[in-house]
Amino acid sequence: MRTLPPGQRRVDGFPRFGTHLHRPPPAVPEDPVIAVDGALRTSSEVRLAELSRLPRSEIVADFHCVAGWTATDLRWEGVRFADFYRRFVEPALAPGTTVTHLVFEGLDGVVSVVEPRDALAEDVLLADTLNGRPLDGDHGAPIRLVSPAQYGYVNIKHLRGIEVCTELPTHRIGAGVLDRLMEAHPRARVWHEERHGRVSGRLIRPFYRAFIRPIRYLCAKGGQ
Ligand SMILES: Nc1nc2c(c(=O)[nH]1)N[C@H]1C(S)=C(S)[C@@H](COP(=O)(O)O)O[C@H]1N2
Ligand SMILES: [Mo]
């Protein structure tokens, strides 16, 4: 058996994870776009239909939720995020711009903040199929970010926009006590157990374990 990243346990199938399960998945627009804005000369909207101009790419990877579950051997297909970035983002940057962060936003308003060195890794996709079928509502229709080296919360589903930033976008980070305690890690790498920004991954593990039943009840549903 392949080893899992520290503190992870295998689950059967691929449940819908997250803190958003009281809401149904957002409706897919008729002609979906990915809005690209922020520190750019011009903003744009990339129609998903336009992605067919980029090479298709496939990966098989495990998916790691920060609460400790890993779904194994998922086959994603789509386009490499690096290809998307080179085609649709880089040409719109003013000369001399240093991009420090990218904010990915879903149709449900959920966001993740990712550094370019992580987002531009070879195995990061904008995926529109899972195990040979178009993404369903549970797993991010019509398209989602898949960054297998980072915890699930980075992997924004129902992607509707990308904001290009030249400094840490603090306006995107919640201000409550729990928001701060459970703040995302700036890199969120699973093999480094970077679960959260302010508390160590190892220390938070028993907390997730102790609450595994209620968390499982609240944060996982179904299984594709
Ligand atoms: N748009 C959006 N993307 C999201 C989330 C969300 O609530 N909304 N939850 C994140 C979390 S916490 C996890 S673990 C994964 C879960 O992916 P899955 O539902 O396909 O299992 O999606 C991530 N992407
Ligand atoms: Mo998660």
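Below, the structure is looked at part by part.

A few words now on the overall build of the protein. Check the secondary structure of the protein and you find 5 helices and 13 strands. Looking at the protein as a whole, 48% of its 224 residues are labelled buried. Considering only intrachain contacts with a sequence separation of at least 6, the fraction spanning at least 24 residues in the protein is 65%. Counting only carbon and sulfur atoms, one obtains 54% of the accessible surface of the protein, whose full area is about 11,300 Å².

Another aspect to go through is the environment of leucine 130. Relative to the helices and strands, leucine 130 resides in strand β9 (residues 125-130). Judged by its relative accessible area of 1%, leucine 130 falls in the buried class. Through-space distance from the C-alpha of leucine 130 to that of valine 60 is 9.7 Å; in sequence the pair is 70 residues apart.

Here the focus is the packing of aromatic side chains. On inspection of all chains with the given rule, the structure shows 8 aromatic pairs. Centroid distance phenylalanine 81 to phenylalanine 84: 6.0 Å. Interplanar angle 20°. Geometry classified as stacked. Of this pair, phenylalanine 81 and phenylalanine 84 both sit in helix α1 (residues 81-89), 3 residues apart, which is roughly one turn of the helix. Taken together, a centroid distance of 5.1 Å and an interplanar angle of 50° make the contact between phenylalanine 84 and phenylalanine 88 tilted.

Moving on, we get to the site of ligand 1. Not every one of the 19 residues close to ligand 1 is listed here, only the nearest: Pro15, Asp108, His139, Arg144 and Lys157. Here a nitrogen atom of ligand 1 sits 2.8 Å away from a polar atom, N or O, in the side chain of aspartate 108. With respect to ligand 1, the backbone of asparagine 155 contributes an N or O atom lying 3.0 Å from a nitrogen atom. For ligand 1, the accessible surface in isolation is 530 Å², of which the surrounding protein chains cover 95%.

The rules we used
Residues numbered from 1 in each chain as written. Chains lettered and ligands numbered in written order. Predicted model: local features only at pLDDT ≥ 70, side-chain atom pairs only at ≥ 80, totals over all residues. Heavy atoms only, no water. Helix = DSSP H or I, 4+ residues; strand = E, 2+ residues; numbered from the N terminus. Buried < 20%, exposed > 50% of the residue type's maximum accessible area, 1.4 Å probe, protein only. Contact = heavy atoms within 4.5 Å. Areas by Shrake-Rupley, 256 points an atom, 1.4 Å probe, with all protein chains shown as cover. Phe/Tyr/Trp six-rings, centres within 6.5 Å; stacked < 30°, edge-to-face > 60°. Near = heavy atom within 4 Å. Polar contact = N/O pair within 3.5 Å; in protein donor to acceptor, adjacent residues only side chain to side chain.

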